[in-house]
Amino acid sequence: MNPGRAAVALAAVVTALVLQVTVFSHASWAGVVPNLVLLVVVATGLVRGAQPAMVLGFVAGVLLDLAPPADHVAGRWALALVVVGYVAGRVRQDVRPTAGSVVATVAACSFVGTSVFALTGVLLQDPALGIGEVLEVIAIGVFLDVLLTPFVLPVVMGTFRRLEPARATA
């Protein structure tokens, strides 16, 4: 990844992170906010493939782990977003990104990412949540991420496609 694409990807992650922890924290549902950073990682996977999405997922996850109000063990979001980047990047090879496949990919990646984050919390007892609460958080997270997909992914995917149109899939 050249420095220009890396800078744009990092700017997208930082913008998503700032919006997620400032604006969307006031619009939470049962304490759950939409994961805009996850949506940026999914868009990267769909446009660029698994490897760039996994690297961006790690960097974005570390930033998300350290951003206030971080109340969990650092590294959990980094792990979750690396897995999300891999899943989204693998879908890119198997399915042409249509509107339906993009929404399905976001739903699957949100489910996987939120599940990895929540289950590592259960394993680490980091906050002590029961399985019922974990399932509720996962369901709300998937719903909110899918709800914002039509507003976030076209912009991010379009930006990444313009940076290197020959490598992007149509």
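Residues numbered from 1 in each chain as written. Predicted model: local features only at pLDDT ≥ 70, side-chain atom pairs only at ≥ 80, totals over all residues. Heavy atoms only, no water.

Asker: Can you walk me through the UniProt feature "transmembrane region" (unreviewed entry) in the protein in this structure?
Answerer: Sites flagged by UniProt as "transmembrane region" (unreviewed entry) map to residues 6-24, 73-89, 101-125 and 137-157. End C-alpha atoms of residues 6-24 are separated by 25 Å, and the span's content is 84% helix alongside 0% strand. Counted over residues 137-157, helix gives 100% and strand 0%. Its end C-alpha atoms are 27 Å apart. (UniProt positions renumbered as here; feature names shortened; annotations may be inferred. Helix = DSSP H or I, 4+ residues; strand = E, 2+ residues; numbered from the N terminus.)

Asker: Sorry if this is basic, but what is going on with the environment of asparagine 2 here?
Answerer: Note on placement: asparagine 2 falls in the segment before helix H1 (3-21). Residue asparagine 2 is classed as partly exposed on the basis of its relative accessible area, which comes to 32%. Measuring from C-alpha to C-alpha, the distance between asparagine 2 and leucine 124 comes to 37 Å, with 122 residues separating the pair along the chain. (Buried < 20%, exposed > 50% of the residue type's maximum accessible area, 1.4 Å probe, protein only.)

Asker: Sorry if this is basic, but what is going on with the side chain of histidine 72 here?
Answerer: Looking at the element boundaries, histidine 72 is found in the loop between helix H3 (50-66) and helix H4 (76-94). Residue histidine 72 is classed as buried on the basis of its relative accessible area of 15%. Engagement of the side chain of histidine 72 in a polar contact is seen with the side chain of aspartate 65, the distance being 2.8 Å. (Polar contact = N/O pair within 3.5 Å; in protein donor to acceptor, adjacent residues only side chain to side chain.)

Asker: How do you make sense of the packing of H1 against H3 when you look at a structure like this?
Answerer: Between H1 and H3, the shortest axis-to-axis distance is 10 Å and the interhelical angle comes to 30 degrees. Handedness of the H1/H3 crossing: right-handed. On H3, the residues touching Ala9, Leu10, Val13, Val14, Leu17 and Gln20 of H1 are Leu56, Val59, Ala60, Leu63 and Leu64. (Axes fitted to C-alpha atoms, helices over the stretch in contact; angles between N-to-C directions. Left-handed = near helix turned anticlockwise from the far one by under 90°. Contact = heavy atoms within 4.5 Å.)

Asker: Before we go on, may I ask you to explain a nonpolar patch on the surface in this structure?
Answerer: Taken together, the side chains of Leu10, Val14, Val18, Val55, Phe58, Val59, Val62, Leu63 and Leu66 define a hydrophobic patch exposed on the protein surface, amounting to about 710 Å² of accessible area. At the level of secondary structure, the elements contributing two or more residues to the nonpolar patch comprise H1 and H3. Considering every element that reaches the nonpolar patch, the biggest residue donor is H3, with 6 residues. Checked against the element boundaries, valine 14 lands in helix H1. (Patch = residues over 30% accessible without salt bridge, like charges linked within 9 Å, V, L, I, M, F, W, Y side chains within 5 Å. Areas by Shrake-Rupley, 256 points an atom, 1.4 Å probe, with all protein chains shown as cover. Salt bridge = Lys/Arg side-chain N within 4 Å of Asp/Glu carboxyl O.)

Asker: I'm lost on the packing of H1 against helix H2 (residues 36-48) in this one. Help?
Answerer: Packed helices, taken two at a time, are described by the angle between their axes plus the distance between the axes. Close contact between H1 and H2 brings their axes to 7 Å; oriented N to C, the two are set at 155 degrees. Here H1 lies roughly antiparallel to H2, going by the angle between them. Of the residues in H2, those touching H1 at Arg5, Ala12, Val13, Ala16, Leu17, Leu19 and Gln20 are Leu36, Val37, Val40 and Arg48. Considering only residue class, the contact of H1 with H2 consists of 8 nonpolar, 1 polar and 2 charged. (Parallel < 35°, antiparallel > 145°, perpendicular 65-115°, else oblique. Nonpolar A, V, L, I, M, F, W, Y, C, P; charged D, E, K, R; others polar.)

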